[in-house]
Amino acid sequence: MASVLRVAMQFVGILLSFLGWVLSIITTYLPHWKNLNLDLNEMENWTMGLWQACVVQEEVGTQCKDFESFLGLPAELRISRVLMFLSNGLGLLGLLVSGFGLDCLRIGETQRDVKKRLLILGGILFWTAGVTTLVPVSWVAHVTVQEFWDESIPEIVPRWEFGEALFIGWFAGFSLLLGGCLLNCAACETQAPLASGHYAVAEMQTQCAYLENGTANPSV
């Protein structure tokens, strides 16, 4: 029963981590971190991402323009680019490392300690990837809220609002965190059967030694 639970935790953990990693990549390149709806022209909507700004018009369609200067971007967008790249790399590394630590993989089956360490390392990498996804998404959301309620800006000026990418990024970050937790819990579960097995073998060897000496009671 413990073995089935351990495998199930590994499967769910790696599945959630993979889902979070894919969604973090989508969040990185999706040009919908911020949305701007113009009240004066309801047929025109603006969106902004980390790499480009787009305008959506019913007659023309979607037109996007890449940001020309990295240094010309606001601080939250510059740091978000770096952190999202870091999250994508850590997520990929976590998948590779934790994949070799899964029980269903026959490679290194006899080296249980190595597989346990790989699972723990993979879980830590997923944790770090989740944090580096949640930080930029939450930072951009915080700046958006501040600018939306800024009283120094005239009410007639349109305000940026949350885009779909922020919600996808939050879901991706929490999926990576939860997947890393499950992998670390599964890694801790792997030691229980091994510990009991080693104890049983040691106890059997002790009893054999007493039988060879002609005594069955250890206290004799």
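Reading guide: rules and limits
- Residues numbered from 1 in each chain as written.
- Predicted model: local features only at pLDDT ≥ 70, side-chain atom pairs only at ≥ 80, totals over all residues.
- Heavy atoms only, no water.
- Salt bridge = Lys/Arg side-chain N within 4 Å of Asp/Glu carboxyl O.
- Helix = DSSP H or I, 4+ residues; strand = E, 2+ residues; numbered from the N terminus.
- Phe/Tyr/Trp six-rings, centres within 6.5 Å; stacked < 30°, edge-to-face > 60°.
- Buried < 20%, exposed > 50% of the residue type's maximum accessible area, 1.4 Å probe, protein only.
- Pairing = 2+ DSSP bridges.
- UniProt positions renumbered as here; feature names shortened; annotations may be inferred.
- Contact = heavy atoms within 4.5 Å.
- Disulfide = S-S within 2.5 Å.
- Core = buried A, V, L, I, M, F, W, Y, C linked by side-chain atoms within 4.5 Å.

Draft legend 1. Representation of the pattern of salt bridges in the model. Counted by the stated rule, this structure contains 2 salt bridges. Between Lys34 and Glu147 there is a salt bridge, with its nearest N and O atoms 4.0 Å apart. Pair noted here: Lys34 is in strand S1 (residues 34-37) and Glu147 is in helix H3 (residues 112-148), with a separation of 113 residues, a long-range link.

Draft legend 2. Region of interest: the packing of aromatic side chains. In this structure the tally under the stated criterion is 7 aromatic pairs. Here the aromatic rings of Trp51 and Phe85 are separated by 5.6 Å at their centres, their planes lie at 65°, and the arrangement is edge-to-face. Taken together, the residues Trp51 in the loop between strand S2 (44-48) and strand S3 (52-57) and Phe85 in helix H2 (residues 75-100) connect sequence positions 34 residues apart. Residue Phe85 is classed as partly exposed on the basis of its relative accessible area of 43%. Measuring from centroid to centroid gives 6.1 Å for Phe162 and Trp170, while their planes differ by 75°, and the two rings are edge-to-face. The exposure class assigned to Trp170 is partly exposed, which follows from its relative accessible area of 22%.

Draft legend 3. Quick look at the sheet that holds strand S4 (residues 61-66). Taken together, 5 strands build an open sheet; the order of strands is S4-S3-S2-S1-S5 and the sheet is antiparallel. Lying at the two open borders of the sheet, with one neighbouring strand each, are S4 and strand S5 (161-162).

Draft legend 4. Local environment of the pairing of S2. In this sheet, S2 lies alongside S1 in antiparallel orientation, the contact comprising 4 bridges. When the bridges of S2 are listed, Asn35 appears paired with Thr47. One ladder, built from 5 bridges, connects S2 with S3; its direction is antiparallel. When the sheet's bridge partners are listed, Glu44 is paired in S3 with Gln57. Here S2 folds back onto S3 in antiparallel fashion, the turn holding 3 residues.

Draft legend 5. Representation of the UniProt feature "transmembrane region" (unreviewed entry) in the protein chain. With numbering aligned to this structure, UniProt lists the feature "transmembrane region" (unreviewed entry) at residues 7-30, 82-106, 118-145 and 165-186. In the segment residues 165-186, helix accounts for 100% and strand for 0%; the C-alpha atoms at its two ends are 31 Å apart.

Draft legend 6. Examining the side chain of Ser87 more closely. Summarising the element assignment, Ser87 is placed in helix H2. Ignoring sequence-local partners within four residues, the contact set of Ser87 consists of Ser24, Ala129, Thr132, Thr133 and Leu176.

Draft legend 7. Expanded view of the state of the cysteines. For the structure on display, the rule yields 1 disulfide. Between the sulfur atoms of Cys54 and its disulfide partner Cys64 the distance amounts to 1.9 Å. As the torsion about the S-S bond is roughly 105°, the Cys54-Cys64 disulfide counts as right-handed. Linking Cys54 in strand S3 with Cys64 in strand S4, this pair joins segments that are 10 residues apart in sequence. Cys181 carries a free sulfur, and the closest cysteine sulfur to it, the one in Cys185, is 6.5 Å from it. When its relative accessible area of 40% is taken as the criterion, Cys185 is described as partly exposed.

Draft legend 8. How the structure looks around the nonpolar core. Ranked by size, the top nonpolar core spans 13 residues in total, and within it Ile14, Leu95, Leu119, Phe126, Leu176 and Leu183 carry the most contacts. Elements supplying a minimum of two residues to this core: helix H1 (2-29), H2, H3 and helix H4 (164-189). Per-element accounting of this core gives the leading share, 4 residues, to H3. Listed in part, the 11 residues of the second largest apolar core include Trp33, Leu50, Val140 and Ala165.

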